[in-house]
Amino acid sequence: MFFAVMLLAGIGAWYGLKKEELPDVTFNTVRITVTYPGASADEVEYHVTQPLEEVLGSVEEIYRLSSSTAAGTSVITAEIERGAEDIDAVLGAIRQEVLSVDLPDAIRDTPRFRVFKTSRKAIIDIGIISTASPMLGTGERRALQSKALELENRLLALPEVSRVDRSGWLEDEIHINVDPRKLLDYDIPFNTVMEEITRSNVRQPAGSIETLQEPRVTIYGELRTPEELESLAVQGGFEGQVVRLKDIATIDYGHEKNQSILKINGYEGIFLKVTKSSSTGILDAISAVDKAVEHYRSVQPEGTPLRVVSLDDESLDLQNRLSIIGINGSIGFVLILIVLFIFLDARSGFWVALGIPFSFCFTLACALLAGYSVNNITLAAVIIVMGIVVDDALVIAENIRRSSRHGASLHEAAAEGTSMMALPVTASIITTCIAFIPLFFFEGRFGSMVSFIPAVITLMLAGSLLESLFILPGHMTLLPAGHASPRREHWFDRWEQLYAQLLRSLLAFRWPVIALFTALFAASLLLGASSLSFVMFPDEETRQIRITGQAPEGNSQKKTAELTRPLEEIIMASAGREVIGLRNEIARSRRGSAVGENAFRMRVEIVPKEQRQTSADELIRQWKAAAAKAAPRLEKLKFSKTRHGQDSGSAVEILVKDNSETRRREAVDALAASMKGIPGLMNIEVDQPENTKEYIITLDRDRIRRLDIDPSETARTLRAALEGSILYEFSSVNEPVAVRFTTGIAAKNSLEAMLQLPVENRSGYLVPLKDIVNVETHNRPGSITRQDQVRFSSVYADIGASSGLTPLKLAAQLEDQVFGELGRRFPSTGFEFGGEIRDTRESGNAFLFSIIAVLVLIFLVLVILFNSIRKTLLIMITIPFGLTGIITALYLHGIQFYGFFAVIGALGLAGVIINDAIIMVTRLDRLTSGQTEVPDRLIADAASTRLRAVILTTVTTVAGMMPTAYGVAGYDPMLAQMMLVLCWGLVAGSLVTLVLVPCFYRIMIVPGRSRRT
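- An unreviewed UniProt entry lists the chain under the name Efflux RND transporter permease subunit, from Prosthecochloris ethylica.

Now the structure itself:
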């Protein structure tokens, strides 16, 4: 009954659990964004970034501050110590400190805060484009944005969606472009026109009439269209000439100034980045979004050039893993059944196999109660223990069966067989769980996510232990009426006898056997040291390809967008087969800040590996060859695969830190030149802003005082003339529309023309700006990046696939050969690694701690179980010998680089591999206890009774993992190495258990027992 209830609870829990890409984790990262329209990067840094960084530096729980400052924008990222006791209190302190800073009046919006949570992660990008033209004019953009807004409103109406962010969107505006020459002709001050427009735009409540119904009165005089603005009188009266706004300015619809261009599948467009609600699973959210998008497509008129495309669907990885779990898990389950039916009788095999669905349902029910979700990480944990969960049931079932064959009744056999194995089976479950416990203490964003693995594994194994000790024995007593317990000889009995004979021979030569295994172990260590290297995330098949390049110097954003069209057409020729879609960002850097208008970055999304015949490397080779012919004007073209877990997408990321702009640029150039001389490095890219010309205008205070001019009027005039001043906003059918007052394009093209603008003194006379200011020319960076309040630039590089280098090896080489020399040339400049190298080095201490912690905890559990340090050491001998299987398997499979998840697999192996040894030593102790003399024959016979259990537990575990390790029904790079390590490590461990453990038992335990006797 309990078994059936648990199965039903598990099925119900499956439908109740959210399906997510990642566990529900709040990363210890806060992003603060402040917009300062019209300000240069230097001014934003001075007025915004530096004051905010100073106050944030007083928050003790922040251990790293990074910022990216560009013209008009400051983005600050604060990373909080992982050990912070109260994250909410820290976030409150950060918000309080930021809001306490007195920012410039021109900053109209309050700072925006974003705390990174996986439950509020963007799940898909919906692109809206028009195939009528590759680039958007003002009219086309207004029409496209109107359509995008319709879709956005549909998406926001979904309960599964919490937020929609826009990319490539430009706010609607009405532009009033004043002609400075006409101002002079009509003798009208620039600021007077601004003030007149602002005063004339009126909309406010006036109160109510004192009658019975009290009707409201509203004064309405809004200027909402270009026509209404054109007819506005800005000067003149009863007797003077009336000058209307259309006489001195052109007024038309427009958009805010774009800092970059976004193209989708070759057309300028808009992205809607959809974020799901925290209460909805990603699969449900994606399904709802897809339905809304499909309905939106269906209501568009026939023949419309409007296209809606979906990119960065975050559910694909989860669906792929669910498919792998379903198909590979089913294959593994069938293989386990086959193995059980071969090695055990059908009855025992059936009841043992039922432990898998019971453990799975038990885990689902507990996960629902604990608030977990079904995600990539928890599914990985399930796959890890898919074959392990039957190990304890196998041992108990085999022991019950053996007792029954020796004459005990079914109930006696069930009680005796279970009680005999209860303690060692419990110990084996505990040691397996212990092996994964250190994952709780891994730091960083990966540590936050993998911390769910030990919890799920513990639940699976706890369910397995519960079923094995309390449910399986009852099932094993169930027989049809009149059916007797089978006592005939099993086909495997013959193999047990052969094994006993072989083991007796090996025990006679135990020292040479130990020497042979030791030599193999030493050889495998040498092989691993010479042929294997650690990389945090090995460069497996990717789902994204990155392309960077430049148009010839001097090209505008729009011209660069035109020049990249042939390359886009080459890539989109594979759309529907290898390519899902592409995005092309012009004048935008890796970190999202502005760069030269001739620079572009493409990100190509390709279909998963299983769904295409062409590899990512082959696609790059084909596109590179085609681009050389079709797009010869593009320069510095670089193609590379993105790397899992790294935002930069590059294996090497070096931060060059120095507040001196000149010195830092020299150091960056020297570093890049040195890196070009290192074999194996490729795609070396310097990410530092282009220097842009900046005019520094200073006020001639003596002349200003003499001419009786208000200095603030001068600044206001210049800002409005160049950036434009938002005079007011009004509501429209869709979005608020801003009215921007500025000068015409012709005036902005020349500083001399701009300085002809008249400024009115307090006596009403007009004075040209050029008479009261001085102009200096400087080169200033277009954007500024800082870390811990020091400016830095980044140098990126990829590692050639055939170079044999790893990021860690390369880092050591750079430190030895390059950093020392550069440190002497630039003593005030700092060089440090970021990205994957920094993450790997930070994880190195966690790996070392994990290994030590696992060994110590396993040692303590075994000492408690056996009350013997010798037996504990004997069992733990299997752990290092398991490395022989791991290293040999990786080498024979041609794997040169093992990664983060392979190490997790090796950690888990430490707990799994000793399970067979625990059973073996327990059996040896039981059958040799009380013997004054323990001959080799007795040890061999005792060990032979565990042959079936050892082989069964190994084969079932390997059978459950093998389909995933080799990608039988779908390849998962995160899981493949982990499963491969566990599979072949267990095979090696089983051989050690069957051969080496009895030999060591004969040497370490038997002599001590004889002396005590």
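Structure shown, so let's carry the discussion forward.
### Focus: the nonpolar core
Alright, step 1. Counting residues in each nonpolar core, the largest one holds 139 residues, and the members touching the most others are I384, I453 and F900.
Alright, step 2. A per-element tally of this core places helix α36 (residues 973–1004) first, with 17 residues.
Alright, step 3. One finds I197, L229, L727 and V739 within the second-largest nonpolar core, a separate group that totals 38 residues.

### Structural notes on the packing of helix α33 (residues 914–928) against helix α34 (residues 936–944)
Alright, step 1. Between α33 and α34, the shortest axis-to-axis distance is 9 Å and the interhelical angle comes to 130°. Overall, the two elements α33 and α34 adopt an arrangement that is oblique. For the crossing formed where α33 meets α34, the hand is right-handed. Along its contact with α33, which presents M920, R923, L924, L927 and T928, the element α34 presents L938, I939, A942 and A943.
Alright, step 2. Looking at the contact of α33 with α34 residue by residue, the class counts come to seven nonpolar, one polar and one charged.

### Focus: helix α23 (residues 661–676)
Alright, step 1. An ideal rise of 1.5 Å per residue puts 22 Å on 16 residues; α23 measures up with 23 Å between its terminal C-alpha atoms.
Alright, step 2. Three or more residues of α23 are buried, namely E661, R664, R665, A667, V668, A670, L671, A672 and M675.

### With respect to the pairing of strand β17 (residues 544–550)
Alright, step 1. Judged by how many residues are buried, β17 sits mostly within the fold: seven of seven residues are covered.
Alright, step 2. The two faces of β17 match: Q544, R546, T548 and Q550 on one face and I545, I547 and G549 on the other face are all buried.
Alright, step 3. Sheet topology places β17 next to strand β19 (residues 599–606); seven bridges connect them, and they run antiparallel. Following the sheet pairing, Q544 is matched in β19 by E605.
Alright, step 4. As paired strands, β17 and strand β20 (residues 635–641) are joined by five bridges and run antiparallel to one another. Bridging across to β20, Q550 finds its partner in E635.

### Overview of the side chain of S574
Alright, step 1. Here S574 shows up in the loop between α21 (565–572) and β18 (579–586).
Alright, step 2. On the basis of relative accessible area, S574 is assigned to the buried category, the value being 8%.
Alright, step 3. Ignoring anything within four residues of it in the chain, the contact list for S574 reads V579 and W623.

### Notes on unusual backbone geometry
Alright, step 1. We note that D312 has phi near 55°; this positive angle belongs to a residue other than glycine.
Alright, step 2. Counting through the fold element by element, D312 comes out in the loop between β15 (306–311) and α10 (315–343).
Alright, step 3. Residue D312 is classed as buried on the basis of its relative accessible area of 16%.
Alright, step 4. For D788, which is not glycine, the phi torsion reads 50° and is therefore positive.
Alright, step 5. Judged by its relative accessible area of 39%, D788 is partly exposed.

Conventions and cut-offs
Residues numbered from 1 in each chain as written. Predicted model: local features only at pLDDT ≥ 70, side-chain atom pairs only at ≥ 80, totals over all residues. Heavy atoms only, no water. Core = buried A, V, L, I, M, F, W, Y, C linked by side-chain atoms within 4.5 Å. Buried < 20%, exposed > 50% of the residue type's maximum accessible area, 1.4 Å probe, protein only. Helix = DSSP H or I, 4+ residues; strand = E, 2+ residues; numbered from the N terminus. Axes fitted to C-alpha atoms, helices over the stretch in contact; angles between N-to-C directions. Parallel < 35°, antiparallel > 145°, perpendicular 65-115°, else oblique. Left-handed = near helix turned anticlockwise from the far one by under 90°. Contact = heavy atoms within 4.5 Å. Nonpolar A, V, L, I, M, F, W, Y, C, P; charged D, E, K, R; others polar. Expected span 1.5 Å × (residues − 1). Pairing = 2+ DSSP bridges.

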